[in-house]
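An overview of the molecular structure
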Amino acid sequence: MSLPVALPAAGPSPSPTPSGSATPAVPTLQDAQESATNAATWVEQNWSTWLAIGLKVLLVLVIAVVLRNIVLRAITKLIDRMNRTSESAEGITLGGLLVNAERRRQRSQAIGSVLRSVASFLILGTAALMVLSSFQIDLAPLLASAGVAGVAIGFGARNLVTDFLSGVFMILEDQYGVGDSIDAGVASGEVVEVGLRVTKLRGDSGEIWYVRNGEIKRIGNLSQGWATAGVDVTVRPTEDLYRVRATLEEVAEKMAKEEPWNELLWGPIQILGLDSVLIDSMVVRLSAKTMPGKALTVERELRWRIKRAFDEADIRIVGGVPVALTEEEQPDPSAAVAAPSVFSNADSPQVAATAPIVPQRPAAPGK
């Protein structure tokens, strides 16, 4: 074969191209048509599965929303019923003394808020897990991780959990509320704010105490029900008891008829009688049932009135600093002097008989 014939058979010689600059392949119409065909085939094969998953997710969400609304409405009706019960109790005498409608209303609102939050968390959380399960997501690792995290948080934040549970039970049992004067052991004062974790108290000097609910072991509520005002009057043992009682009864009757003490006193002032009798004094005790938190105010006013009434009736109140006695009450100085005794005379036979015997020394020999 000759050279001119061999060259055309070998084809054209390759032209030199710059290194590293390859021309990108442009997709043709045939490639686009093939991709669209594959996508349509995939959609046609899986549309029923996706439709079933979508309907299942939609059904779960609808049921969760409807169930949540039903539960929240039931909780709201329960709270309204509690409020109506507290309002009906206002007309009863005993209920008016022991039940504070506003306190119960606040407590019911707090309980309703907690119940709504718990119900929403449970229902929506369960719906979220069901939606993830619909997408064929394995929930076992997620639940295991959540369990381990819950245990770790439980050990690390056990004080927080204790405070929260104590706050919930405190609200459910209505142990105290805003405006009450309580003694919580670690602190005492007027309740300023009640929370699920911390209770805020204002002390007698104006300080603010933040007390964790889990640290409260016992609570003394000074504002629930009623309080008792007690006054002790100490007089001389020589006073006429009938005159003392008559004076005290007059003070008690007059105080119970005047404003605003007739509202603060929830019962008559009772003279209980002699609380103690000593050689230099005797104590008469008075007691009265008062509005919660007003016992100290009633005691101060009652002491003020008793002192003025006793001054007018010339009845002396004793106790504390010794009272100067009058001339009639001065004791006889000779009463403390003992009767003369024969032993006071140093030359008497009795004194000589009781004198120690002086030992006699033996005489020296030859004398």
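Our structure is the block above this text.
Now for a quick tour of the structure. (Residues numbered from 1 in each chain as written. Predicted model: local features only at pLDDT ≥ 70, side-chain atom pairs only at ≥ 80, totals over all residues. Heavy atoms only, no water.)

1. Re the overall build of the chain
Threshold: Strands here are runs of E lasting at least two residues and helices are runs of H or I lasting at least four, both read from the DSSP assignment and numbered beginning at the N terminus. Buried residues are those whose accessible area, probed at 1.4 Å on protein chains only, stays under 20% of the maximum for their type, while exposed residues exceed 50% and partly exposed ones sit between those limits. Residue contacts are counted whenever heavy atoms from the two residues lie within 4.5 Å of one another. To be clear on the numbers: accessible area is Shrake-Rupley with a 1.4 Å probe, and residue cover counts the displayed protein chains and nothing else.
For the chain, the count of helices and strands is 10 helices and eight strands. Counting all 367 residues of the chain, 25% fall into the buried class. In the chain, 62% of the contacts between residues at least 6 apart in sequence involve partners at least 24 apart. Roughly 26200 Å² of accessible area belongs to the chain as shown, and the carbon and sulfur atoms make up 61% of that amount.

2. Notes on the pairing of strand β6 (residues 227–235)
What counts here: Any two strands with at least two DSSP-identified bridges between them are counted as paired.
The element β6 is largely enclosed, with a buried count of seven among its nine residues. Relative to strand β8 (residues 282–290), β6 runs antiparallel, the two sharing nine bridges. Of the residues in β8, the one forming a bridge with Ala 227 is Thr 290.

3. Describing unusual backbone geometry
Between Glu 259 and the following residue, Pro 260, the backbone shows a cis peptide bond with an omega angle of -10°. Relative to the helices and strands, Pro 260 resides in the loop between α7 (241–256) and α8 (261–264).

4. Examining the pattern of salt bridges
Oppositely charged side chains can form a pair if their charged atoms are brought close together. The line we're drawing: In what follows, salt bridge is the name for a side-chain nitrogen of Lys or Arg lying within 4 Å of a carboxyl oxygen of Asp or Glu.
Per the stated rule, a full pass over the model turns up 13 salt bridges. Residue Asp 232 is joined to Arg 285 by a salt bridge in which the shortest nitrogen-to-oxygen separation is 2.6 Å. Placement of the pair is Asp 232 in strand β6 and Arg 285 in strand β8, with a sequence separation of 53 residues. Taking relative accessible area as the criterion, Asp 232 reaches 42% and is therefore assigned partly exposed. Residue classification places Arg 285 among the partly exposed positions, given a relative accessible area of 30%. Glu 253 is the partner of Lys 257 in a salt bridge, and the nearest nitrogen-oxygen pair spans 3.4 Å. For Glu 253, a relative accessible area of 48% translates into the label partly exposed.

5. Some points on the environment of Leu 139
Residue position: Leu 139 is located in the loop between α4 (101–134) and α5 (140–156). In sequence terms Leu 139 and Leu 129 are 10 residues apart; their C-alpha atoms lie 7.8 Å from each other. Ignoring any residue separated from it by four or fewer positions in sequence, one finds Leu 139 in contact with Leu 129, Leu 132 and Ser 133.

6. Considerations on α7
This is how it is decided: A helix's residues, less one, multiplied by 1.5 Å, set its expected span. Note: the arc covers the axis-to-C-beta directions of the helix. Each polar contact in these results corresponds to two N or O atoms within 3.5 Å; when the atoms are within protein, one needs to be able to donate a hydrogen and the other to accept it, and residues that are neighboring in sequence are counted only if both atoms are side-chain atoms.
Counted at 1.5 Å a residue, the expected span for α7 with its 16 residues is 22 Å, and the 22 Å between its end C-alpha atoms agrees. Among all positions of α7, only Val 244, Thr 247, Leu 248, Val 251, Ala 252 and Met 255 are buried. Projection of α7 onto a plane perpendicular to its axis shows the buried side chains occupying an angular sector of 130°, all on one side. Among the exposed residues of α7, those pointing more than 90 degrees away from its buried face are Tyr 242, Glu 250 and Lys 254. Two or three places before Tyr 242, at the opening of α7, Asp 240 has a side-chain oxygen 3.3 Å from that residue's backbone nitrogen.

7. Overview of the side chain of Ser 120
With respect to the helices and strands, the residue Ser 120 is situated in helix α4. Given a relative accessible area of 13%, Ser 120 falls into the buried group. With sequence-adjacent residues up to four places away left out, Ser 120 is seen in contact with Arg 68, Leu 72 and Gly 125.

8. Some words on the environment of Asp 183
On the secondary structure map, Asp 183 appears in strand β1 (residues 181–183). In this structure, the C-alpha to C-alpha distance between Asp 183 and Ile 219, residues 36 residues apart in sequence, is 5.7 Å. In this structure Asp 183 touches Ser 188, Arg 218, Ile 219 and Gly 220, once residues within four positions along its chain are discounted.

9. Thoughts on the sheet that holds strand β4 (residues 208–212)
Ordered by their spatial adjacency, five strands build an open sheet running β4-β3-β2-β1-β5, and the pairing between neighbours is antiparallel. Both edges of this open sheet fall to β4 and β5 (220–221), since each of them pairs with a single strand only. Of the pairings in the sheet, the one linking β1 to β5 comprises two bridges and is antiparallel in character. Across the sheet, the residue bridging to Ile 182 is Asn 221, located in β5.

10. Observations regarding the packing of aromatic side chains
Centre distance and the angle of the planes are the two values used to describe a pair of aromatic rings. Just so we agree on the cut-off: Any Phe, Tyr or Trp ring, taking Trp's six-membered ring, that has another such ring centre within 6.5 Å forms a pair; planes under 30 degrees apart are called stacked, those over 60 apart edge-to-face, and the others tilted. In this scheme, Lys NZ or Arg CZ marks a charge over a ring once it lies within 6 Å of the ring centre and within 35 degrees of the ring normal.
If you walk through the whole model with that rule in mind, you get zero aromatic pairs. Note that Lys 289 overlies the ring of Trp 226, its terminal NZ or CZ placed 4.4 Å from the centroid.

11. Some thoughts on the sheet that holds β6
We apply this condition: Angular values range over 0 to 180 degrees, each being the angle between N-to-C directions of two axes fitted as lines to C-alpha atoms, with helices fitted over their stretch in contact.
Strand order in the open sheet formed by three strands is β6-β8-β7, with antiparallel pairing between adjacent strands. Looking at the sheet topology across the chains shown, the edges are occupied by β6 and β7 (270–277). The mean angle between the axes of side-by-side strands here comes to 25°, regardless of whether they run parallel or antiparallel. Relative to the sheet, α7 contacts β7 and β8, its axis offset from that of β7 by approximately 140°. The strands touched by helix α9 (residues 295–312) are β6 and β8; relative to β6, the strand with the most contacts, the crossing angle is about 25°.

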